Amino acid sequence: MNRWSLIVKVAGGLVALWIIVYGIKALVAPHQATPERIEELVAEANLEDFSQYGDLPNDEVTRQRRESLEKVASVVNRLDLSGQEEARDTLEGLWDKLSASERRQFVDLTMESFTRFFEALDALTPEARRDFVERGFRELEDGTTERRLEKMMAKDPKIMERIAQNGMKAYFENASAETKMEMAPFLKATNEVMQGIRGQPFQGGGM
């Protein structure tokens, strides 16, 4: 299999993976973060619904909203697995209020943790990695992942490409050969879900 074929196969899977693991990146987090803190920050920000907008003007309101997103992202990047599960509804509520440009910003702010995520997977025992993959498959089988992907696609199709590009960079640069092998079935399955939603193979952008 050539490199481009591999990119196409894993791109959709990495989009779904990002949705599943939002805050799992904290497997190697040096400090504790809590879903309660995310709820506090989101409540403090009290963001108006800008989901109907694309790019925002560079004014004081936009700057304040970005500062709020940066604070939330800093906690998201340090959540442990249980915290990620508890914070998911809060994060989805926040996501639904963001403009197109803010959604891109939030993806970029949280994507740096993909590197730590793959490093954390490498540090797990083979049994723990298998448990993680099995959990991913369960969310595929019960339709959870597909529903979230469809919702994201309906709101902002271009964000899929951004997640895939950032995720692939971390995947190829940071995941070990063993982790890539163990993740391959899951990435293949999620890419098939992506193709069903899009009606065409996922391209994932250039690398």
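Residues numbered from 1 in each chain as written. Predicted model: local features only at pLDDT ≥ 70, side-chain atom pairs only at ≥ 80, totals over all residues. Heavy atoms only, no water.

Let us now look at the confidence of the model for the protein chain. Predicted coordinates in areas of low pLDDT are best not read in detail. Considering every residue of the protein chain, the mean pLDDT works out to 76; 76% of them sit at 70 or more. Scored below 50 in pLDDT, residues 1-9 shows 15 contacts in the model against residues more than four places distant or in partner chains. Taken together, the stretch residues 22-31 has pLDDT below 50 and engages in 35 contacts with residues farther than four places along the chain or on a different chain. (pLDDT = per-residue confidence, 0-100. Contact = heavy atoms within 4.5 Å.)

The next point concerns helix H7 (residues 126-141). An α-helical turn contains 3.6 residues, so any two residues separated by three or four positions project in the same direction. The first and last C-alpha atoms of H7 sit 22 Å apart over 16 residues, in line with the 22 Å expected at 1.5 Å per residue. Burial in H7 covers these residues: Arg129, Phe132, Val133, Arg135, Gly136, Glu139 and Leu140. Looking straight down H7, one finds that the buried residues subtend no more than 150° of arc, so they occupy a single side. Looking one or two residues past H7, glycine 143 carries a phi angle of roughly 85°, positive in sign. (Helix = DSSP H or I, 4+ residues; strand = E, 2+ residues; numbered from the N terminus. Expected span 1.5 Å × (residues − 1). Buried < 20%, exposed > 50% of the residue type's maximum accessible area, 1.4 Å probe, protein only. Arc of directions from axis to C-beta.)

Another point: the nonpolar core. If you look at the biggest cluster of nonpolar residues, it comprises 42 residues, and the most contacted ones within it are Ile38, Val72, Phe106 and Phe118. At 7 residues, helix H9 (residues 158-174) tops the list of elements feeding residues into this core. (Core = buried A, V, L, I, M, F, W, Y, C linked by side-chain atoms within 4.5 Å.)

Viewed as axis vectors pointing N to C, helix H8 (residues 144-155) and H9 meet at an angle of 120°, and their least axial separation amounts to 7 Å. Facing H8, whose interface residues are Leu149, Met152 and Met153, H9 presents Ile159, Met160 and Ile163. Of the residues assigned to the contact of H8 with H9, the class counts are 6 nonpolar, no polar and no charged. (Axes fitted to C-alpha atoms, helices over the stretch in contact; angles between N-to-C directions. Nonpolar A, V, L, I, M, F, W, Y, C, P; charged D, E, K, R; others polar.)

Mapped onto the fold, asparagine 166 is located in helix H9. With a relative accessible area of 27%, asparagine 166 lands in the partly exposed category. C-alpha separation for the pair asparagine 166 and aspartate 108, spaced 58 residues apart in sequence, amounts to 8.0 Å. Setting aside its immediate chain neighbours within four residues, asparagine 166 contacts Val107, Asp108 and Met111.

For the structure shown, the criterion picks out 10 salt bridges. A salt bridge links glutamate 70 to arginine 66; the nearest nitrogen and oxygen atoms lie 3.1 Å apart. With glutamate 70 and arginine 66 both in helix H3 (residues 60-76), this residue pair falls 4 residues apart, about one helical turn. For glutamate 70, a relative accessible area of 35% translates into the label partly exposed. Its relative accessible area of 32% is what places arginine 66 among the partly exposed residues. The shortest N-O distance in the salt bridge between glutamate 182 and arginine 129 comes to 2.6 Å. Linking glutamate 182 in helix H10 (residues 177-198) with arginine 129 in helix H7, this pair joins segments that are 53 residues apart in sequence. Taking the relative accessible area as the measure of exposure, glutamate 182 reaches 18% and is therefore buried. Salt bridges linked by common partners bring Arg37, Glu40 and Glu44 together as one network. (Salt bridge = Lys/Arg side-chain N within 4 Å of Asp/Glu carboxyl O.)

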